[in-house]
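Structural characterization, general
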Amino acid sequence: MKKRAKTLPGVTRRQVLTWSTLGVAASVSQVADAVSLKGSPGWTPFSDNPPEQFTHQGWLFFTDEEARTVEAIVDRLIPADDLSVGGKEAGCAIFIDRQLHGFYGTFERLYMQGPFQEGTTEQGDQSPLVPQQRYRKGLAALNRYVQQTSKKNFVDLTPAQQDALLEAMEAGKVHFTDFDAQSLFLEVLNNTMEGFFADPVYGGNKEMVSWKMLGFPGARYDYRDYIERHNEDLKFEPISITQWKAGDQR
């Protein structure tokens, strides 16, 4: 039988293992410091998974009527004021259109085979409908409701009337035929916020309007020189992730 390795008098095996572990950790730390990256990243954004680029300037998913309705909604969710332009001018409807045209619109990266049952809030989305279907059915149900109640389309209502209807949808006080009004409101609200604050490469946040409003410097690669500079206006102009250049990442 192999003899157990001896340790120094008064030293336990647990202590030996602890010292060995600390030694390895110290070595790894030194190696990590030695290979700390400096300068340009040596790779380009989206090199392995580039965002889809669109040369077509029109709507890729929405019909003209759907697009007008969505533009009217996003302009009420983010109305123009002294701080920024409204949701329409910021490109929120364009962002939503591009997302619905892409893999988000079909949920192609999600499991969609069911079974579909009503779940709790914590369990998230349980609908069998993908976003393309939700927008198409939801916007049609919205305009049917407005036609039935006022003989108009949503875009023809006054801003005050649009706000009142959206508030009722948010509170679950309005019920559409063949579609849940509250779920439509929440879907458009979430996508509008995403479009307003996302990188402009995705179609929204035109001219980085929301980033400039917040003072967000954009998708910069390296902030290490500025970490300790607190409560200071660095006067950074925001940049999109597509504006990275070798040697000019800050």
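If you're wondering where the values come from, they're calculated on a predicted model, not measured in any experiment.

Next up on the list: helix H6 (residues 159-170). Between its first and last C-alpha atoms H6 spans 16 Å; for 12 residues at 1.5 Å apiece the expected length is 16 Å, and the two agree. Where the residues of H6 are buried, they touch helix H2 (64-77), helix H5 (131-150) and helix H7 (181-197). A positive backbone phi angle near 75° is found at Gly172, which sits one or two residues after H6.

This part takes up the confidence of the model for the protein chain. Per-residue pLDDT for the protein chain averages 82, and the proportion of residues at 70 or more is 75%. Here residues 246-250 is modelled with pLDDT under 50, and outside its nearest four sequence neighbours on either side it reaches 11 contacts, counting other chains as well.

Moving on: the packing of aromatic side chains. Counted by the stated rule, this structure contains eight aromatic pairs. Between Tyr104 and Phe107, the aromatic rings sit 5.8 Å apart at their centres with planes inclined by 85°, giving edge-to-face as the arrangement. Residue class for Tyr104 comes out partly exposed when judged on its relative accessible area of 23%. Centroid distance Phe196 to Phe197: 5.0 Å. Interplanar angle 80°. Geometry classified as edge-to-face. Owing to a relative accessible area of 3%, Phe196 belongs among the buried residues under this scheme. Here the aromatic cluster, defined as three or more aromatic residues joined through ring pairs, consists of Trp59, Phe61, Phe62 and Tyr135. The residue whose ring lies beneath Arg136 is Phe61, and the NZ or CZ to ring-centre distance is 4.1 Å. Stacked on the ring of Phe236, the Lys or Arg Arg220 has its end atom at 4.4 Å from the ring centre.

In this section: the packing of helix H3 (residues 92-101) against H7. Between H3 and H7, whose axes approach to 8 Å, the crossing angle comes to 110°. As the angle between them shows, H3 and H7 are arranged roughly perpendicular. Of the residues in H7, those touching H3 at Cys92, Phe95 and Ile96 are Asn191, Thr192, Glu194, Gly195 and Phe196. Residues belonging to the contact of H3 with H7 are distributed by class as follows: four nonpolar, three polar and one charged.

What counts as what
- Residues numbered from 1 in each chain as written.
- Predicted model: local features only at pLDDT ≥ 70, side-chain atom pairs only at ≥ 80, totals over all residues.
- Heavy atoms only, no water.
- Helix = DSSP H or I, 4+ residues; strand = E, 2+ residues; numbered from the N terminus.
- Expected span 1.5 Å × (residues − 1).
- Contact = heavy atoms within 4.5 Å.
- pLDDT = per-residue confidence, 0-100.
- Phe/Tyr/Trp six-rings, centres within 6.5 Å; stacked < 30°, edge-to-face > 60°.
- Buried < 20%, exposed > 50% of the residue type's maximum accessible area, 1.4 Å probe, protein only.
- Lys NZ or Arg CZ within 6 Å of the ring centre and 35° of its normal.
- Axes fitted to C-alpha atoms, helices over the stretch in contact; angles between N-to-C directions.
- Parallel < 35°, antiparallel > 145°, perpendicular 65-115°, else oblique.
- Nonpolar A, V, L, I, M, F, W, Y, C, P; charged D, E, K, R; others polar.

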